[in-house]
Amino acid sequence: MNAPAAQRMTPSEALVETMAANGVTDVFGIVGSAYMDALDIFPAAGIRFIPVAHEQGAAHMADGYARASGRHGVCIAQNGPGITNFVTAIAAAYWAHSPVVFITPETGSTTMGLGGFQETEQLPIFSKITKYQGHVGNPKRMAEIAGRCFDRAMLEMGPAQLNIPRDFFYGDIQAAIQPPLRIGRGAGDTGALDEAASLLASAKFPVILAGGGVIMSEGSAEAVRLAELLRAPVCVSYLHNDAFPASHPLWCGPLGYQGSKAAMKLISQADVVLALGTRLGPFGTLPQYGTEYWPANAKIIQVDVDAKVLGLVKSISVGINGDARAAAGALIDRLEGRALACVANQAERKARIEAEKGAWEQELSEWTHERDPYSLEVAKDSKLMHPRQMLRELERAMPKDAMVSTDIGNICSVSNSYLRFEQPRSMFAAMSFGNCGYAFPVACGAKLARPDRPAIAYVGDGAFGISLNELLTCAREKIGVTVVVFNNGQWGAEKKNHVDFYSRRFQAVDLVSPSWAGIAKAFGCEGVTVDRLADVGPALEASVKAQAEGRTTVLEMMVTRELGDPFRRDALSKPVRYLDKYKAYT
Ligand SMILES: Cc1ncc(C[n+]2csc(CCOP(=O)(O)OP(=O)(O)O)c2C)c(N)n1
Ligand SMILES: [Mg+2]
């Protein structure tokens, strides 16, 4: 690679040229004087600036954009309050492994520390939720530091911060725009791959657990090939339902909260598990449906690009520090043509896979409503839709190429069992940061990255209150998405804890809301209230059609207050009170 020639330019030009060199075409934010000198030339560089309603929305959109496209998502904001508004969304992007570059103009270098206007130290705030923090300490280094942020976001798959004292946008510098540095990761240590291949070759019941790494490495075809070679059932890791095509006979569904019982039952029988591109996060393998399914005695082979997560949460037999796609390819090379113990019992395993999948499908079909005493009580005589039936209808009507983002809430969580995808980069859940308000802006970002695909957000009514301001952005910028708002009149996921642990002492969980469909109309979007199961599918289809015309629709689903299993059974315990005045609160 030839070193590019340095040219005379301003630091603003160096920044914008670096963005262009990295293929940036869209930047999310709210206008601010701090970076106006750079913003001024965005159009000339072919960069669209998407003005949002709140900077948290901008960073979530950048996240959705990155997850849908595999390219950088970029956002920028005013120093001080604009930047602190980014925090929650950047933390979410960090745990979603999204290559988001967030540009943080800072108070001027000549007054920093004096307590001037919109001043705060912007690096410490993000230090634990970024993969890289670049600070432009001298305007001459703008191109270099900016380029490094783009490189590191991809290299480490996570947010990179570009912090720029606002006076450093101006000046007269010599700068060379660096071409992007994209480092291939490779399959990993050959010895470890050999060992893994031997374990898989002698396994009688191998199971593949496909994670986000399969999606990010574009390794679906290799995962399918490997599964077919081993005739191995494939589970997907928590909230990565798009890591393996759902129509494939070996697909068994997601592990974890509200996941697939078939996946859990099958992995519990494994003698060897190939955890492909997953950190095996602690929340994703917790016991569910009252059973501990993690195969404690199985040999675990874990593949991840981040060496630090190998063996971190679960004990492993072999750790492979490699790219999921490349490692799967290397394992295929080692296993093809080799005698495999799992071929001998393939017919019996196939029958077991089919039986477990069939049983789970039947259970889901019959599971029309929740059956715990609280749910039966609140749904009794109700004319509203049962959440599970409504989710099944959405599943039936879901376009094959849909991208679905999901929020944090009881109904969003239950939806996990009803979300199946054929291609990667289709499911954008709030992942382990789990912030309410994630899904809607993420769907907007995904739609801008992939205007050719339907974008659908699943959001609880509580969480919609956090994020609905981005309806403004949809109307103003003609972004067409579908927002499915589950109106159960409550912060349901938390109410479930009151039911299970706090003797139904409900506090701050019932919601009085306006008509969400009416709100959508007032914002200049479409709004539809759906209260009959038969209308769910047609309403979804109509909203997807409207997307093509840049129109966003809120589908307000009127559902009962019944509640599925709680999120954090693992972390709550029955209250204990020692002081007399609190004795009744047990
Ligand atoms: C930003 C944020 N605030 C609070 C919480 C805690 N929390 C988790 S789920 C939940 C309730 C969600 O209610 P809603 O969005 O209406 O969905 P539902 O559970 O009713 O389906 C809350 C408040 C959170 N996860 N994130
Ligand atoms: Mg709710």
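Residues numbered from 1 in each chain as written. Chains lettered and ligands numbered in written order. Predicted model: local features only at pLDDT ≥ 70, side-chain atom pairs only at ≥ 80, totals over all residues. Heavy atoms only, no water.

Details of the coordination of the magnesium ion (ligand 2)
- Around the magnesium ion (ligand 2), the protein contributes the donor atoms Asp-461 (OD), Asn-488 (OD1) and Gln-490 (O), at 2.1 to 2.2 Å from the metal centre.
- Within one chain, the residues donating to the magnesium ion (ligand 2) are spaced in sequence as D-x26-N-x1-Q. For the pair Asn-488 and Gln-490, a shared accessibility class is recorded, and that class is buried. (Donors = N, O, S within 2.8 Å, 3.2 Å for Na, K, Ca; no water. Buried < 20%, exposed > 50% of the residue type's maximum accessible area, 1.4 Å probe, protein only.)

Comments concerning the sheet that holds strand 13 (residues 299–304)
- The 6 strands are arranged 11-10-9-12-13-14 in an open sheet whose pairing can be described as parallel. Both outer strands of the open sheet, strand 11 (251–254) and strand 14 (318–321), are each paired with one neighbouring strand and no more. With strand direction ignored, the average angle separating the axes of adjacent strands in the sheet is 15°.
- The strands touched by helix 8 (residues 190–202) are strand 9 (206–210), strand 12 (272–276), strand 13 and strand 14; relative to strand 14, the strand with the most contacts, the crossing angle is about 135°. (Pairing = 2+ DSSP bridges. Helix = DSSP H or I, 4+ residues; strand = E, 2+ residues; numbered from the N terminus. Axes fitted to C-alpha atoms, helices over the stretch in contact; angles between N-to-C directions. Contact = heavy atoms within 4.5 Å.)

Focus on the site of ligand 1
- Ligand 1 sits among 17 residues. The nearest are Asn-410, Asp-461, Gly-462, Gly-492 and Ala-493.
- One of the side-chain N or O atoms of Asp-461 is found 2.8 Å from an oxygen atom in ligand 1.
- Interatomic distance of 2.9 Å between a backbone N/O atom of Gln-490 and an oxygen atom of ligand 1.
- Across the complex, the protein chains shield 79% of the 590 Å² of accessible surface that ligand 1 would expose by itself.
- Elements supplying a minimum of two residues to the shell around ligand 1: helix 17 (410–414), helix 19 (461–467) and helix 21 (492–501).
- Broken down by class, the residue content of the shell around ligand 1 amounts to 6 nonpolar, 9 polar and 2 charged. (Near = heavy atom within 4 Å. Polar contact = N/O pair within 3.5 Å; in protein donor to acceptor, adjacent residues only side chain to side chain. Areas by Shrake-Rupley, 256 points an atom, 1.4 Å probe, with all protein chains shown as cover. Nonpolar A, V, L, I, M, F, W, Y, C, P; charged D, E, K, R; others polar.)

Quick notes on the sheet that holds strand 7 (residues 160–165)
- The parallel open sheet is built from 6 strands, whose spatial order is 3-2-4-5-7-6. Only two strands of the sheet have a single neighbouring strand rather than two, namely strand 3 (48–51) and strand 6 (132–135). Ignoring strand direction, the axes of neighbouring strands in this sheet form an average angle of 25°.
- As paired strands, strand 4 (residues 73–76) and strand 5 (residues 100–106) are joined by 4 bridges and run parallel to one another. Bridged to Ile-76 within strand 5 is Ile-103.

A few points about the pattern of salt bridges
- Under the defined criterion, the tally for this structure stands at 32 salt bridges.
- In this structure, Arg-141 engages Glu-144 in a salt bridge whose closest nitrogen and oxygen atoms are separated by 2.9 Å.
- Residue Arg-141 is classed as partly exposed on the basis of its relative accessible area of 41%.
- Residue Arg-420 is joined to Glu-361 by a salt bridge in which the shortest nitrogen-to-oxygen separation is 3.0 Å. With a gap of 59 residues between them, Arg-420 in the loop between helix 17 and strand 16 (427–429) and Glu-361 in helix 14 (residues 346–366) connect regions that are remote in the sequence.
- Overall, Arg-420 belongs to the partly exposed group, its relative accessible area being 24%.
- A relative accessible area of 27% places Glu-361 in the partly exposed class. (Salt bridge = Lys/Arg side-chain N within 4 Å of Asp/Glu carboxyl O.)

Concerning unusual backbone geometry
- One non-glycine residue, Met-431, adopts positive backbone phi at about 50°.
- Structurally, the position occupied by Met-431 is in the loop between strand 16 and helix 18 (439–449).
- Classification of Met-431 as buried rests on a relative accessible area of 10%.
- Of note, Ala-508 is a non-glycine position whose phi angle comes to about 60°, a positive value.
- Looking at the secondary structure, you find Ala-508 in the loop between helix 21 and helix 22 (516–522).
- Overall, the relative accessible area of 71% leaves Ala-508 in the exposed class.

Notes on the packing of helix 10 (residues 220–230) against helix 12 (residues 324–335)
- Following both chains from N to C, one finds helix 10 and helix 12 inclined at 30°, their axes separated by 9 Å at the closest point. In this view, helix 10 runs roughly parallel relative to helix 12, as classed from their interaxial angle. Judged by the sense of rotation from one axis to the other, the crossing of helix 10 with helix 12 is left-handed. Contact residues: Glu-222, Arg-225, Leu-226, Leu-229 and Leu-230 in helix 10; Arg-325, Ala-328, Gly-329, Leu-331, Ile-332 and Leu-335 in helix 12.
- For the contact of helix 10 with helix 12, the class distribution of residues is 7 nonpolar, 1 polar and 3 charged. (Parallel < 35°, antiparallel > 145°, perpendicular 65-115°, else oblique. Left-handed = near helix turned anticlockwise from the far one by under 90°.)

Regarding the confidence of the model for the protein
- For the protein, mean pLDDT is 97; residues scoring 70 or higher make up 100% of the total.
- Mean pLDDT across the secondary structure elements of the protein bottoms out at helix 13 (residues 341–344), with 95, and peaks at strand 5, with 99. (pLDDT = per-residue confidence, 0-100.)

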